Amino acid sequence: MSVDFLIAVLITVVGASTPILFAGLGELVTEKSGVLNLGVEGMMLVGAVAGFATVDLTGNPWLAVVVAAAAGALVSMVFAVLTLSLSANQVATGLALTIFGTGLSTLMGKSFTGHGIKAFTTIFPDWLANDRIGKVLFSYSPLVYFSFIMVGLVWWFLNRTRAGLILRAVGENDLSAHSIGYSVTGVRYAAVAFGGAMAGIGGAAFPLVLTPLWAEGLTGGRGWIAIALVVFAGWKPGRLLAGAYFFGLLGTLELYAKASGTVFTALLPSEGWAALPYLATIVALAIISASKAGGGNAPACLGKPFIPST
Amino acid sequence: MTDTPPRLSLRGITKRFPGVLANDDVSFSVRPGEIHALLGENGAGKSTLVKMIYGIMQPDAGEIFWNGERVVIQNPRAARKLGIGMVFQHFSLFEALTVLENIALGMDAKIPQRELEGRIRKVMQQYGLTLDPRRVVADLSVGERQRIEIVRALLLDPTLLIMDEPTSVLTPQEVDQLFVVLRQLASEGCSILYISHKLHEIKALCETATILRAGRLVDTCDPRVETSRSMAEKMIGGNLKDIQKPAGRSFGREKLVVTELSVPAAGHFGVPLQNISFRVHAGEIFGVAGVAGNGQTALLLALSGETTTPDAQAIRIDNAGIGRLDAKARRLKGLASVPEERNGHAAVPDFTLSDNSVLTGRDRLKLAISGIIRPGAARKYTGEVISTFSVKATGTEATAGSLSGGNLQKYIMGREILQRPEVLVVSQPTWGVDAGAAAAIHQALVDLAAAGSAIVIISQDLDELLQLCDTLAVINGGRLSRAMKVSEADINEIGLLMGGIHGEGGQAAAPAVPAGLGAEATSAA
Amino acid sequence: MRLKFEKRAEPSRFMLYATPVGAVLLTMLVGAIIFTAIGYNGFGAVYQVFIAPLALSYKWGDIAVKASPLILIGVGLAVGNRAAIWNIGAEGQYIVGALAGTGIGILTKDMHGPWILPLMLVAGMVGGAAWGAVPALLRNRFNVNEVLSSLMLTYVAVHLMNQLVTGPWKDPMGFSFPQTALITADQMLPILVPGTYVHLGIVITLIIAVALWFLMSRSLMGFQVRVVGSAPSAARHGGFSQKQTVWLVFLLSGALAGLAGIFEVTGPFQQMSLGFPQNYGFTAIIVAFLGRLNPLGVILAGIVLAITYVGGDLAQSVLQLPNASKGIFQALMLFFLLASDILIRYRVRLVGAPAPAAVPARSPAE
């Protein structure tokens, strides 16, 4: 295996990790506010179709990112109204959102089947990515760099800002936050919307970063992996980054298994490689959940409805 | 004194909840620098009233005046802006956050961390409070947690401080320290609205007392000239009934024996039990006193069988080891229990009372036979409980959640007592129950003991324990003190044990316990 | 003016049963509007999806056939959700159950006897239960969230099926199509109504649903499930084990999903192929909720959702409405149902926002 091959693998892994990184960051913030939104897969699909349609119509991938974020945030509001204003069960509502998003994206995406789009061009001048080091550093889609920035921003927001402190407080003890005078529902609406927007961008990253073609259900369960990732990361943005790249790597192995055949399939049939990320997720969850570090970090109010007495 | 308008004045405040009139046309005033007691039984409407003053709820009718001007207090932020601070009965703290972060959350203005820390240290110094701002709340004692709330309120330079049942979680010594702070505040001109149902505290601290009963203002008086009994009767609206305790009882043989019981801490915030030993005889009432959060919950769970111990002999009934048995099996051996939390632990709020009877009575009472429930039998037993304990409910098919706290407690106590358990373990038997119901529950416990059952009462209400129990031990940090006869017990020593100071004789510096503690048995309700 | 929710003294029985009906009606109305808005014949779509299957009597058999797996999986999930234990992986258990039964089918393809079909059905249940046992074990031993683990296992099940159907189990006579050989006559479920696919499994499904209804309402097992779901601490206080309940729920719902899977193989499908998964496992989640987690309600809800399956196909052929549309209708149904849940415990009133004087101290009725 040559160095160039490894670089190529690295670049693929980075691409494959980006969608779950975005979606996972969004879910992390949502969960920190005490809300468990299991609709990530649905919101990603809606973001994907919205983003794809935007590029298909306008040819502008930047606009596509904005539209995908808006679309994700918009459908997340359905979840927010149900769970936050009407105190509906969060697990069931999240599932409904996923079923809805899956149906909507398939319906809307019907007309795009077979369409190709022009995705991002790299932002750095070509000469920067001339040699190997340059390639490793400068040859990615702008969305990849954006995802790094978001990891830092989310960390900074949660740990260094007053708004982040309030968000954590709301997730930790909603009744106390309410009695001090913070709007629990307001904070959670915002957190759900952010989660939706990030899932939308994560979904759009599939056509914009990975494969510029429309395919039905193109997220293939990555939304669920993103949710697992938040648990895996112990609700910490830095660990989320590492986790996303680990799962990105596993997802990439399937591609190589399919493409290069024998080397991989001698070890495991190609369907086995395809199942690997899901199996790995289960194993990772078992390891993390069993250890003290995992369960203890969960926001205390996660998934519980907030019903103030008025 | 007469020219300045009252700091706070309420006129005709009324608040309704579906089915309950929480406050009915309440009017009173608090002068600057006055320590004003708001007195009433649980459910009399005290908490609702102060929530409206602090802007958490809005009155349905009535007006609030602040320094003579009419105000509408939309939310707690608005209240704080006026200069109203509040220390809640149930702390509004965030366990996973640090003291500093908790305090920052209570500040409306954004203050740089370093500056805030400096101000916290200054306030603490001024009032002689100690607290490390960097520590995580989860690791703090209840008293320390209350100090966070107090510091948080004081940082805003309040001119009215509302204290909602502040002493229910403190040792007698901590209560005294708190009173020193409150008196200092009042002398500086800050008004204090002090909510309590503990009469001896109010006599010791307050200049005026406003008494509420069933949402209505029944009297305003000077507690220093009233007797505890007169105030209690105003609070209850009737004469106090004394408990009939058969004199000169003798105990039977050892019924429940606990030997070197240790249980690891449950979860992140739990307290481990360490080498707990005690014995209770047939006919004896054994009390476990202590400040909240010192292992009472773990002790109840360990005795009820909700947590089991690997050592079967650690807990014995009639010499048979039951340590490894679960709650169901222990009930069959004659051990019943009532946990502190009614809704969701002792009873299922969404279930009917009949179904709640099945929950704990299915085996002893044969409410289910070979896996199939007998609804008729369950209804019959539930009906018995309802009538014997005068439970106010629409019937046996009312959901547990539809009952008021006091009535649900009566139902739960009745459900266990009528099963005639040989050993009954109860936590907070009269928490949130009105005086009449509390007296009925106390009488039922005494009668059950007289009939030969062994009873363990775990309570934070020392008065209640002194009144009911034959023997008493104190739990602190998951350890149980030696047992002492209530008739020979020294209040000062109990107080020190509750505060975690072990050893005989106490400390020379131990402050005097407020007069009348213990004698004020009737105020426990 | 704004809406104000006031807690009822007791949950409303009327709302409990009225809201699912309301949710279906609202779905039809809002669905029509949405599909019109995105350029389809909205009311036509609603007619095809919800009404046409009922109007065409020759579709009734289809409805029964589609309702059977939805009901069978749905009652299992209803039991689980009652215990607040979330088995989201019924689709995987359905697939693995079908695979296990099909495996027996392949082994016995040259044999004869009345024991073959029952053996396949038992294998289906065992397969589904085994797949369901994994999340139960993970939750009880390692504290793993069962929503995520059961769902992940569904993806694993799909890949497992793909591997078997395209590889070792591929029909040697099948012109290389990714599918297993057709089952033998001894492996088929008896057809009850000649000329339709209405098979014995449908009757078994109904019997199981009614039996579960009895168990849930009258037995200690049902009591245990309800109390664990409603108040876990109270369950422990009453001596009911949470872990045991997790096992019970997953083994039961897994076995029923597996049985549904093998019913499909030995009934309408007669083989396994890449197109075998029909999303029944996910749709059954909606069925369970729409049926108010009551096994008898699940029967009705299963029929409603089966209608949308049949109707979705009709709409596709009549109106060229993409098949995904039925997913949107189904999701809308669940949204409306969840949104209306609050009406069971609260009553809604319109209150004038600005003037506090307009809110006199008078309580709402009673």
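Residues numbered from 1 in each chain as written. Chains lettered and ligands numbered in written order. Predicted model: local features only at pLDDT ≥ 70, side-chain atom pairs only at ≥ 80, totals over all residues.

Our focus in this paragraph is the overall build of chain B. Across its full length, chain B carries 16 helices and 23 strands. Relative to the compact-globule value of 24 Å for 525 residues, chain B shows a C-alpha radius of gyration of 24 Å, a close match. Taking all 525 residues of chain B together, 51% fall into the buried category. Look at the contacts in chain B between residues 6 or more apart in sequence, and 68% of them connect residues 24 or more apart. (Helix = DSSP H or I, 4+ residues; strand = E, 2+ residues; numbered from the N terminus. Rg over C-alpha atoms; globule rule 2.2 N^0.38 Å. Buried ≥ 20, exposed ≤ 12 C-beta atoms within 10 Å, placed from the backbone. Contact = placed C-beta atoms within 7 Å.)

Within chain C one finds 14 helices and two strands. Its C-alpha atoms give chain C principal-axis dimensions of about 85 × 55 × 35 Å. Here chain C, with 366 residues, has 55% of them falling under the buried criterion.

Bringing the interface of chain B and chain C into the picture now. At the junction of the two partners, chain B supplies 30 residues and chain C supplies 23 residues. Listing elements by their share of the side of chain B that touches chain C, those giving two or more residues are strand 1 (8-17), helix 10 (327-332), helix 11 (353-361) and strand 18 (372-373) of chain B. A per-class count over the side of chain B that touches chain C returns 14 nonpolar, nine polar and seven charged. (Nonpolar A, V, L, I, M, F, W, Y, C, P; charged D, E, K, R; others polar.)

Turning to the sheet that holds strand 14 (residues 315-317) of chain B, a few remarks are in order. Residues and elements named next belong to chain B. Strand order in the open sheet formed by four strands is 12-11-14-15, and the pairing between neighbours is antiparallel. Bordering the open sheet on either side are strand 12 (273-281) and strand 15 (320-321), each of which pairs with just one other strand. In this structure, strand 11 (residues 254-263) lies alongside strand 14, joined through three bridges in antiparallel fashion. Directly across from leucine 256, in strand 14, lies its bridge partner isoleucine 317. Those strands touched by helix 9 (residues 296-304) are strand 11, strand 12 and strand 14, and its axis lies near 60° from that of strand 12. (Pairing = 2+ DSSP bridges. Axes fitted to C-alpha atoms, helices over the stretch in contact; angles between N-to-C directions.)

So, about the environment of leucine 274 of chain C. Mapped onto the elements of the fold, leucine 274 of chain C is located in the loop between helix 10 (242-269) and helix 11 (280-290). Put simply, leucine 274 of chain C and asparagine 162 of chain C are 112 residues apart on the chain and 6.3 Å apart in space, counted from C-alpha to C-alpha.

Once that is clear, we can look at unusual backbone geometry. Of note in this structure, tryptophan 235 of chain A is not a glycine but carries a positive phi near 60°. Following the sequence through the fold, tryptophan 235 of chain A ends up in the loop between helix 10 (222-232) and helix 11 (237-260). Unlike most non-glycine residues, alanine 214 of chain B shows phi in positive territory, near 50°. For alanine 214 of chain B, the location among the structural elements is in the loop between strand 9 (208-213) and strand 10 (216-221).

This next bit is on the confidence of the model for chain B. Residue and element names in this part refer to chain B. For chain B, per-residue confidence averages 86 on the pLDDT scale, and residues scoring 70 or more make up 92% of the total. Averaged pLDDT values over the elements of chain B bottom out at 81 in helix 8 (residues 228-236) and peak at 97 in strand 20 (residues 454-458). Considering only residues more than four positions removed or in separate chains, one finds that residues 502-525, a stretch of pLDDT under 50, has 50 contacts. (pLDDT = per-residue confidence, 0-100.)

Let us now look at helix 5 (residues 142-154) of chain B. All names here are of chain B. Taking 1.5 Å of rise per residue, the 13 residues of helix 5 would be expected to cover 18 Å, and the 18 Å separating its terminal C-alpha atoms lies within 8% of that figure. With 10 of 13 residues buried, helix 5 lies mostly within the body of the structure. Buried within helix 5 are the following residues: Arg145, Gln146, Arg147, Ile148, Glu149, Ile150, Val151, Arg152, Ala153 and Leu154. Those residues of helix 5 that are buried lie in contact with strand 6 (84-87), helix 3 (99-106), helix 4 (113-127) and strand 7 (160-164). (Expected span 1.5 Å × (residues − 1).)

Between chain C and chain A, the residue contacts involve 33 residues of the former and 39 residues of the latter. Among the elements of the structure, helix 5 (116-142), helix 6 (146-166), helix 11 and helix 13 (325-340) of chain C are those that each provide at least two residues to the side of chain C that touches chain A. Sorting elements by how many residues they give to the side of chain C that touches chain A places helix 6 of chain C first, with 10 residues. Along the lines of polarity and charge, the residues of the side of chain C that touches chain A split into 23 nonpolar, nine polar and one charged.

Once the domains are mapped, chain B shows domain 1 (8-236) and domain 2 (254-524). Taken over C-alpha atoms, the centre of domain 1 of chain B sits 31 Å from the centre of domain 2 of chain B. (Domains from an automatic or database assignment.)

The subject of this paragraph is the sheet that holds strand 4 (residues 61-66) of chain B. All names here are of chain B. On the basis of which strands lie adjacent, the open sheet formed by four strands has the order 2-1-4-5 and antiparallel pairing. Taken across any chain shown, the strands that pair with only one partner, and hence form the sheet edges, are strand 2 (20-30) and strand 5 (69-71). Neighbour-to-neighbour, the strand axes of this sheet turn through a mean angle of 30°, independent of strand direction. By the bridge criterion, three bridges tie strand 4 to strand 5 in an arrangement that is antiparallel. Pairing of isoleucine 64 across the sheet is with valine 71, part of strand 5.

With that out of the way, let us pick up the packing of helix 1 (residues 13-37) of chain C against helix 2 (residues 42-55) of chain C. Residue and element names in this part refer to chain C. It is the contact of helix 1 with helix 2, at a shortest axis distance of 7 Å, that shows an interaxial angle of 135°. Here helix 1 is positioned oblique relative to helix 2, judged by the angle of their axes. Between helix 1 and helix 2 lies a crossing of right-handed hand. Where helix 1 abuts helix 2, its residues Met28, Gly31, Ala32, Ile33, Phe35 and Thr36 lie against Gly42, Phe43, Ala45, Val46 and Phe50. (Parallel < 35°, antiparallel > 145°, perpendicular 65-115°, else oblique. Left-handed = near helix turned anticlockwise from the far one by under 90°.)

Quick look at the confidence of the model for chain C now. Residue and element names in this part refer to chain C. Residues of chain C with pLDDT of at least 70 account for 95%, and the chain-wide mean is 91. Across residues 353-366 the pLDDT falls below 50, and counting only partners more than four positions away or on other chains, this stretch makes 16 contacts in the model. Listed scores for the predicted complex are pTM 0.87 and ipTM 0.90.

Helix-helix packing: each pair is described by the crossing angle between the helix axes and the interaxial distance. Residues and elements named next belong to chain C. Two elements in contact, helix 4 (residues 90-107) and helix 11, have axes separated by 6 Å at closest approach and are oriented at 135°. The angle between helix 4 and helix 11 falls in the class oblique. Handedness of the helix 4/helix 11 crossing: right-handed. In this structure, helix 4 contributes Ala90, Glu91, Gly92 and Tyr94 to the contact, and helix 11 contributes Tyr280, Gly281, Phe282 and Ala284. For the contact of helix 4 with helix 11, the residue count by class is five nonpolar, two polar and one charged.

Moving on, we come to helix 6 of chain C. The end-to-end C-alpha distance of helix 6 of chain C, which contains 21 residues, comes to 30 Å, matching closely the 30 Å that a straight helix rising 1.5 Å per residue would cover. Helix 6 of chain C sits mainly inside the fold: 16 of its 21 residues count as buried.

For the rest of this paragraph, the subject is the nonpolar core. Counting 372 residues, the largest nonpolar core has Leu229 of chain A together with Ile73 and Phe335 of chain C as its most contacted members. Ranked by residues supplied to this core, first place goes to helix 9 (residues 184-210) of chain A with 15 residues. Counting the residues that make up this core, at least three belong to each of domain 1 (8-236) and domain 2 (254-524) of chain B. When sequence neighbours within four positions are dropped, the list of residues in contact with phenylalanine 335 of chain C reads Val78, Leu82, Ala96 and Phe100 of chain A. (Core = buried A, V, L, I, M, F, W, Y, C linked by C-beta atoms within 7 Å.)

Turning our attention to the environment of alanine 48 of chain A. Residue and element names in this part refer to chain A. Along the polypeptide, alanine 48 turns up in helix 2 (residues 40-58). Of the residues examined, alanine 48 has 34 C-beta atoms within 10 Å and is grouped as buried. Distance from alanine 48 to lysine 304, taken between C-alpha atoms, is 30 Å for residues 256 residues apart in sequence.

Here we come to the environment of leucine 305 of chain C. Residues and elements named next belong to chain C. Tracing the backbone through its elements, the reader meets leucine 305 in helix 12 (residues 295-319). Residue leucine 305 is classed as buried on the basis of its C-beta count, with 28 C-beta atoms lying within 10 Å. Considering only alpha carbons, one finds leucine 305 and valine 122, 183 residues apart in sequence, at a separation of 27 Å. Those residues within four positions of leucine 305 in sequence are excluded, and the remaining contacts are Leu70, Thr283, Ile286, Val287 and Gln330.

The next subject is the pairing of strand 4 of chain B. Residues and elements named next belong to chain B. For strand 1 and strand 4, the ladder comprises five bridges, and the chain directions are antiparallel. Its bridge partner lying in strand 4, leucine 8 is registered against tryptophan 66. What sits between strand 4 and strand 5 in their antiparallel hairpin is a turn of two residues, with asparagine 67 showing a positive phi close to 50°.

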